[in-house]
Amino acid sequence: MPASDGRYARMRVPAPSAGTGAGFWTQPLPITKASVPVASEEAKEATEYNEEVERHNLMDAENFAIMGMMAKVFVSQAVGFFLMAVAVFSLLAFLTTDDPNHKVSCALSVVINLVAAMHYYAIVQFRRLELDPFARWTSVAIEFAVDACRHSDWLVTLCFLVRKIYFLINHQPFGAGRDVLLSADAAVSIAALMILLGALSRLGTDEMWDWRNGSRQATACVLSGVLPYVGSLVCFVILMVDFVLAAEGMENAAVFRSFFFVWIGYPLVSLTSIVVRNYDARSVDTYPGSVSPILSMFKDLAYGLLDCWSKGAFGLYTAHAVFGLSFFGAPGAAPYGWASPSPPAP
C-alpha cells in the first residue's frame, strides 16, 4: 500500500470475494486498515479508507457465509431429489409388475426413499436459516436440528431397510446355526434400538463436547452420552454380523452385500464429528460448541453419499429387476433361491 503522499482517498479497496479467488473452502483474509496519522487532513483520508475497508471485509465475510450455506443446500437438495426420483421410479416399477416378490421389494423402496427425501427437504429448510435475518438460530442450534432430522429419518427408514435386506436374503427359517438374531422382527427391533441410543448420545449431550465442565457434567456425559453410544455400536455390530452370516453362501451378491456394508460409514462419520468437536473444545478456552463450516459440510456430504447408496441405489437395484435391467452387472434383485429351504448349517 503506497503511503508516500498520504493520499488515502486515492487508494482503491479490491472488490469483494468474487474478485479475490475466495470460495467455500478458503475464507478471504481481511484487508489491513491503515494507521491514522496525526495530521488532520491525512486523518480524514485514512478514516475514509478504513471505513471502505470495513465495508469490504463485511461483504467478504457475508459472501463467504453465503457460499458455505449454498454449498450445503446444494448437497442436501441434490440428495433429496435423487431419493425422491428413486421413490417415483420404484412406484412405477411396483405398478408395472405382477410378481409379488417384486411388489414387496419395490413397495419397501418407495417407503424408504420417500421418507428419506422428506427429511432432506426439512434439512434444506434448516440450512437456509443460517442466513435468515429473522430466524435467530445459532449455528449450534441449526446443526442440532439437522442431526435430529437425520436420526428421525434413520429411525423410520432403517426398520424398512432391515426388512428389505432379510426379504432378499430369503433366509427362512432362522436359527439354522448361522444367525445371531432369531428373526427379522428381532433385527428390526435391534436397528430401532441402535438409532434411539445414538440419538440419546447425539441429542442428549450434543456429542459430549462439554464433558470437562465440572464433575457433574462429566458424569452426565458418561451416563447419557458414552454408554448409549457404545450400546448403539454394539447393536450395529450385532446387525452387521447377522447380515454377513445370513448372506453367507449367496453367489454373485457383491452388489447386494455393498448395500449393508456401506453402513459402516455412518458410525465413522459420527465418530469423526465427536472427535473433532472434542478436540476444538480442548484447544479453545472459550469454545462455544459450534460446528466448523468444514465439519458441517463434511457431514452433509458424507451422510448424503451414504444415503444415496444404501437407500437410493438399493431402490434402483430392486426396481431395475422389474424392467429386466442390470444394475452394475448384478443379477436381477429377487429373494435368493437357496438350494434347500434354508442354507445348510456350517
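Everything below is about the structure printed above this text.
Residues numbered from 1 in each chain as written. Predicted model: local features only at pLDDT ≥ 70, side-chain atom pairs only at ≥ 80, totals over all residues. Heavy atoms only, no water.

With that out of the way, let us pick up the overall build of the protein chain. In terms of regular secondary structure, the protein chain is built from eight helices and zero strands. From first element to last, N terminus to C terminus, the protein chain shows the α and β order α-α-α-α-α-α-α-α. Expressed as a percentage of contacts within the protein chain between residues at least 6 apart in sequence, the contacts between residues at least 24 apart total 76%. Summed over all atoms, the accessible surface of the protein chain reaches about 17,400 Å², with 66% contributed by carbon and sulfur. (Helix = DSSP H or I, 4+ residues; strand = E, 2+ residues; numbered from the N terminus. Contact = heavy atoms within 4.5 Å. Areas by Shrake-Rupley, 256 points an atom, 1.4 Å probe, with all protein chains shown as cover.)

This next bit is on empty space enclosed by the protein. Gaps between atoms show up when a probe of the same size as a water molecule is rolled over them. In this structure the tally under the stated criterion is two cavities of 30 Å³ or more. Considering only enclosed or pocket space, the largest cavity measures out at about 430 Å³ in volume. Those elements that place two or more of their residues in the lining of the largest cavity are α3 (139-169), α4 (184-205), α5 (215-247), α7 (265-283) and α8 (293-322). Looking at the lining of the largest cavity residue by residue, the classes come out as 13 nonpolar, six polar and six charged. The volume enclosed by the second largest cavity comes to roughly 30 Å³. (1 Å grid on protein atoms, 1.4 Å probe; cavity = no way out; pocket = protein on both sides within 12 Å on 5 of 7 lines; lining within 4 Å. Points joined across faces, edges and corners; volume = space filled by probe spheres on them. Nonpolar A, V, L, I, M, F, W, Y, C, P; charged D, E, K, R; others polar.)

This part is about the layout of surface pockets. There is about 170 Å³ of room inside the second largest pocket. If you trace the second largest pocket, you find it lined by S76, Q77, G80, F81, M84, A117, Y121, V124, Q125 and R128. Elements represented by at least two residues in the lining of the second largest pocket include exactly α1 (40-96) and α2 (100-128). When the residues that make up the lining of the second largest pocket are grouped by side-chain class, the tally is five nonpolar, four polar and one charged.

Between α2 and α3, the shortest axis-to-axis distance is 9 Å and the interhelical angle comes to 175°. Judged by the inter-axis angle, α2 sits roughly antiparallel to α3. Counted by class, the contact of α2 with α3 contains 18 nonpolar, six polar and six charged residues. (Axes fitted to C-alpha atoms, helices over the stretch in contact; angles between N-to-C directions. Parallel < 35°, antiparallel > 145°, perpendicular 65-115°, else oblique.)

Inspection of the secondary structure assignment puts D242 in helix α5. D242 sits in the buried class, given a relative accessible area of 0%. A polar atom in the side chain of D242 sits 2.3 Å from the side chain of Y166. (Buried < 20%, exposed > 50% of the residue type's maximum accessible area, 1.4 Å probe, protein only. Polar contact = N/O pair within 3.5 Å; in protein donor to acceptor, adjacent residues only side chain to side chain.)

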